[in-house]
Amino acid sequence: MMERVTSIAELKILAYRETGEYVDFCMMLAGGLAKSYKRIGYDSETDTFGVYNMCDDTEQEDLDDDALAKDTRIVKAVERGALFYCKW
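Read on for a plain summary of the structure. (Residues numbered from 1 in each chain as written. Predicted model: local features only at pLDDT ≥ 70, side-chain atom pairs only at ≥ 80, totals over all residues. Heavy atoms only, no water.)

## As for the sheet that holds strand 2 (residues 23-29)
Here is step 1: The six strands lie next to each other as 1-6-2-3-4-5, forming an open sheet whose pairing is antiparallel. With partners counted over all chains shown, the strands left at the sheet margins are strand 1 (2-4) and strand 5 (58-63), one partner each. Averaged over all pairs of adjacent strands, the angle between strand axes in this sheet comes to 30°, irrespective of strand direction.
Here is step 2: Here strand 4 (residues 48-53) pairs with strand 5 via four bridges, running antiparallel. Within strand 5, the residue paired with tyrosine 52 across the bridge is glutamate 59. (Pairing = 2+ DSSP bridges. Helix = DSSP H or I, 4+ residues; strand = E, 2+ residues; numbered from the N terminus. Axes fitted to C-alpha atoms, helices over the stretch in contact; angles between N-to-C directions.)

See below:
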């Protein structure tokens, strides 16, 4: 089951885990013809994200809100209604 992420504030809530573990998300591409799976973590103390890109096994760390918008497609996906929290 997947839940659409509607804002970066909501993403911060969904991606935060006290243990620091990352959470599964899915980004719909090309109008839903393709998917990109990501594991995203949020650290409320530093107000930064970590992103593990499952498609190419890369990781981006210590991304503040500006870097999240500049260095990933996550913010655009949220704005377009194409980022989903995977509840499994």
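## Re the side chain of threonine 48
Here is step 1: Here threonine 48 is to be found in strand 4.
Here is step 2: Judged by relative accessible area, threonine 48 falls into the buried class, the value being 12%.
Here is step 3: A distance of 2.6 Å separates polar atoms of two side chains, one belonging to threonine 48 and the other to threonine 46.
Here is step 4: What threonine 48 contacts, discounting residues up to four positions off in sequence, is Gly41, Tyr42, Asp43, Asp62, Leu63 and Asp64. (Buried < 20%, exposed > 50% of the residue type's maximum accessible area, 1.4 Å probe, protein only. Polar contact = N/O pair within 3.5 Å; in protein donor to acceptor, adjacent residues only side chain to side chain. Contact = heavy atoms within 4.5 Å.)

## Some words on the pairing of strand 4
Here is step 1: Of all six residues that make up strand 4, five are buried, and the element is covered over most of its length.
Here is step 2: Relative to strand 4, strand 3 (residues 34-43) runs antiparallel, the two being bridged by six bridges. Considered in strand 4, the bridge of isoleucine 40 is made with valine 51.
Here is step 3: Following strand 3, the chain reverses through four residues before pairing antiparallel with strand 4; aspartate 47 in that reversal takes a positive phi of roughly 55°.
Here is step 4: Linking strand 4 to strand 5, which pair antiparallel, is a turn of four residues; within it aspartate 57 sits at a positive phi near 60°.

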